[in-house]
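Here is what each chain is made of, one letter per residue.
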Amino acid sequence: MTLNQKEIEQIHHMFSQALTKVTTLEALEVIRITYLGRKGKITELMNQLKQLPVEQKRLLGPVLQELRQSLTTKIEAKKSELELKQKTNGSFFDVTAYDPAHKNGSLHVYSLINQQLEDIFISMGFEVVSGPELETDYYNFESLNIPADHPARDLQDTFWLNLPGKLLRTHTSTVQAHCMEEKKLPLAIFAPGRVFRNEATDATHDFMFPQGEVMLIDKKISIANLLATAKAFLQEFFGQKDLKIRTRPGYFPFVEPGIEIDGSCPFCKKGCSVCKYTTWIELLGAGLVHPNVLRCSGINPEKYSGFAIGFGIARLAMLKYGINDIRLFHSDKLSFLEQF
Ligand code: PHE
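Note that the coordinates shown come from a computational prediction; the quantities given were computed from them, not determined experimentally.

The environment of the ligand is formed by 13 residues, the closest being His-171, Ser-173, Arg-197, Gln-211 and Glu-213. Take Gln-156: an N or O atom from its side chain is 3.4 Å from an oxygen atom of the ligand. A distance of 2.9 Å is found between a nitrogen atom of the ligand and a side-chain nitrogen or oxygen belonging to Ser-173. Bound to the protein, the ligand loses 91% of the 330 Å² it would expose on its own. Its residues assigned to classes, the shell around the ligand shows five nonpolar, six polar and two charged.

Following this line, the structure appears as structure tokens:
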């Protein structure tokens, strides 16, 4: 076969394949001699080149030079690699290795809980939405059937701003009217977010904490839909398929009837310190959306009905992870934050 471009390429290919298999300096030297040695393949090709007509020489000469150069570089690189391996006894410095003195960042426990809650509600067909933290009197109270002078305004101590009618939202129920105004029916939303209360802090109360609001509005929504949703949610959240719920009457001006939902204690069967030896834990506020609330957002309560569920995300996180002080969540205690 006379020397041609294809043959040169083939030799290059064979060389590359042989090189990937090499694991010792000795084997590398054999390859070097085979290809680049005095009697090696490249020398052989050079000899063939000499016998070719001038035009062919002009064409293939530079290609052969390039091949020789490329092979030499690759051999050198492999040699350095193998020498390093020999020096380090085969173990390379691993930049991803665990360093006990190094502090890694991690997701905040609120982020972890929010992700889990979002997964649960998305899987049940709810859309995750958010609303403003700085709110108006209308969305925090009026639209929720709490007119001015209504005593229920005192149920939640409010941070009023110096701007008239403006406040930091005291609950995520504010998102209800926003969504009813902006979205089409049927409506199924989950709104997690921060809320603010103007009150003294202790182990179970904070001036800022996360809440979650769930709302479903459609034709023929009843308390049965509410209870089924609440139960499925709590069972999934605590990972207990046999978790039971019970209801007690509860007063929230924006729902009628209003209920409080307790879950059977996920931590015991007979009573423990978490459930205060009652086997039940208070978990959710809920109810059927009050006709006034629907009407306020232009929805006809004769045609549509709905339910709303509200809960403290911090409270759920505290129960789930056995945290005994709500203030830890926004403290700078690394020993606390690093656990998650
Ligand atoms: N917004 C109420 C609270 O913060 C909770 C709630 C939401 C109750 C929805 C009923 C329905 O206390």
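With that settled, the discussion passes to the pattern of salt bridges. Opposite charge on two side chains permits them to pair, given that their charged atoms come into close proximity. With the rule as written, the count across this model stands at eleven salt bridges. A salt bridge links Glu-81 to Lys-78; the shortest N-O distance between them is 3.9 Å. Here Glu-81 pairs with Lys-78, and both are found in helix H4 (residues 54-87), just three residues apart, close to one helical turn. Overall, the relative accessible area of 39% leaves Glu-81 in the partly exposed class. Two residues, Arg-248 and Glu-282, come together in a salt bridge whose shortest N-O distance is 3.7 Å. Here Arg-248, found in strand E6 (residues 245-249), pairs with Glu-282, found in strand E8 (residues 280-289); they are 34 residues apart in sequence, far enough to count as distant. When its relative accessible area of 28% is taken as the criterion, Arg-248 is described as partly exposed. Look at Glu-282 and you get partly exposed, because its relative accessible area is 43%.

This part takes up the nonpolar core. Proteins that are soluble and globular tend to have nonpolar side chains buried together. Judged by nonpolar contacts, the single largest core of 45 residues is most densely connected at Leu-117, Phe-233, Leu-284, Phe-307, Ile-309, Phe-311 and Phe-329. Residue assignment for this core shows that the elements contributing at least two residues are helix H5 (109-123), strand E4 (187-196), strand E5 (208-218), helix H8 (223-238), strand E7 (255-264), E8, strand E9 (305-312) and helix H10 (313-321). The residues touching Phe-329, leaving out its near neighbours within four places in the chain, are His-108, Val-109, Tyr-110, Ala-314, Ala-317, Met-318, Ile-323, Phe-336 and Leu-337. Listed in part, the 22 residues of the second largest apolar core include Ala-152, Met-180, Val-255 and Ala-308.

Reading the values: the criteria
Position numbers for residues start from 1 in each chain and track the written sequence from start to end. Since the coordinates come from a predicted model, pLDDT governs what is reported: local features require at least 70, and pairs of side-chain atoms require 80 or more to be given and counted, while whole-chain, interface and lining totals use all residues. To obtain the side-chain values, all non-hydrogen atoms of the structure were included, while hydrogens and water were left out. Proximity is defined per residue: any heavy atom of the residue falling within 4 Å of a molecule or strand makes that residue near it. Any pair of N or O atoms that falls within 3.5 Å is considered a polar contact. Within protein, one atom must be able to donate a hydrogen and the other to accept it, and sequence-neighbouring residues count only if both atoms are side-chain atoms. Computed by Shrake-Rupley with a 1.4 Å probe, the accessible areas treat only the displayed protein chains as cover when residues are assessed. In the scheme used here, Gly and all other residues not listed as nonpolar or charged are polar, with Ala, Val, Leu, Ile, Met, Phe, Trp, Tyr, Cys and Pro taken as nonpolar and Asp, Glu, Lys and Arg as charged. Salt bridges are defined as contacts in which a side-chain nitrogen from Lys or Arg sits within 4 Å of a carboxyl oxygen from Asp or Glu. Put simply, DSSP H or I for four residues or longer makes a helix, DSSP E for two residues or longer makes a strand, and each gets a number counted from the N terminus. Only protein chains enter the accessibility calculation, which uses a 1.4 Å probe; a residue is then buried when its area is under 20% of its type maximum, exposed when over 50%, and partly exposed in between. Nine residue types can take part in a nonpolar core, namely buried Ala, Val, Leu, Ile, Met, Phe, Trp, Tyr and Cys, and a core is a set of them joined through side-chain atoms within 4.5 Å. Note on contacts: a residue pair is in contact if any heavy atoms of the two residues lie within 4.5 Å.

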